[in-house]
Amino acid sequence: MTNQYSISNKMNKQLVFVFFIVMIAMAFGCICPRNYQPVCDNLGKQHNNLCLFNCASEQAMRNGQELTIAKYGEC
């Protein structure tokens, strides 16, 4: 009986962890690695990596704008 409780408790902790990760992703829009591989967009703004550019691009689309990659590397 204690073994089932232990497994259930462990699964509940994992579900809570996943729930918090999803909530963080929803609150901040997206979660990206911190690697530095800059990307320059068509508006002249530099993004630290492709993931952050994609996040900005999705936000721009929600605002009726379009971001494209002008250059891989610093602006």
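What counts, and at which threshold
- Residues numbered from 1 in each chain as written.
- Predicted model: local features only at pLDDT ≥ 70, side-chain atom pairs only at ≥ 80, totals over all residues.
- Heavy atoms only, no water.
- Pairing = 2+ DSSP bridges.
- Helix = DSSP H or I, 4+ residues; strand = E, 2+ residues; numbered from the N terminus.
- Expected span 1.5 Å × (residues − 1).
- Buried < 20%, exposed > 50% of the residue type's maximum accessible area, 1.4 Å probe, protein only.
- Contact = heavy atoms within 4.5 Å.
- Disulfide = S-S within 2.5 Å.
- Lys, Arg positive; Asp, Glu negative; His and termini not counted.
- Salt bridge = Lys/Arg side-chain N within 4 Å of Asp/Glu carboxyl O.
- Polar contact = N/O pair within 3.5 Å; in protein donor to acceptor, adjacent residues only side chain to side chain.

(A) Just the sheet that holds strand β1 (residues 39–41), in detail. The strand order across the open sheet formed by 3 strands is β2-β1-β3, and the pairing between neighbours is antiparallel. Among the strands making up the open sheet, the edge pair consists of β2 (46–47) and β3 (69–72). As paired elements, β1 and β3 share 3 bridges and run antiparallel to each other. Across the sheet, residue D41 finds its bridge partner in β3, namely I69.

(B) Just helix α2 (residues 50–62), in detail. The first and last C-alpha atoms of α2 sit 18 Å apart over 13 residues, in line with the 18 Å expected at 1.5 Å per residue. For α2, the set of buried residues is F53, C55, S57 and A60. Where α2 is buried, its residues touch β1, β2 and β3. Looking one or two places after α2, you find G64, whose phi comes out positive at around 80 degrees.

(C) Geometry of the state of the cysteines. Scanning all chains against the criterion turns up 3 disulfides. Sulfur-sulfur distance for the disulfide between C30 and C55 comes to 1.6 Å. Taking the sign of the torsion about the S-S bond as the criterion, the disulfide between C30 and C55, at about 125 degrees, is right-handed. With C30 in the loop between α1 (2–28) and β1 and C55 in helix α2, the pair connects residues that are 25 residues apart, well separated along the chain. Between the sulfur atoms of C32 and its disulfide partner C51 the distance amounts to 2.0 Å. Every disulfide takes its handedness from the sign of the S-S torsion; for C32 and C51 that torsion is -75 degrees, giving left-handed. With a gap of 19 residues between them, C32 in the loop between α1 and β1 and C51 in helix α2 connect regions that are remote in the sequence. Each bonded cysteine in the chain gets a number by its place in the sequence, and the pairs come out as 1-5, 2-4, 3-6.

(D) Geometry of the environment of C40. Assignment of secondary structure puts C40 in strand β1. Take C40: its relative accessible area is 7%, and that puts it in the buried class. The spacing of C40 and A70 is 30 residues in sequence and 5.6 Å in space, taken between C-alpha atoms. With residues near it in sequence (within four places) discarded, C40 still touches K45, Q46, T68, I69, A70, K71, G73 and C75.

(E) Expanded view of the side chain of D41. As for its placement among the helices and strands, D41 is situated in strand β1. Nearest to the buried, unbridged D41 among oppositely charged side chains is K45, at 6.3 Å. Within the structure, the side chain of D41 is placed 2.8 Å from the backbone nitrogen of L43, a separation counted as a polar contact. Here H47 takes part through its side chain, which lies 2.8 Å from a polar atom of the side chain of D41. Once residues within four sequence positions are removed from consideration, D41 is found in contact with H47, F53, L67, T68, A70 and C75.

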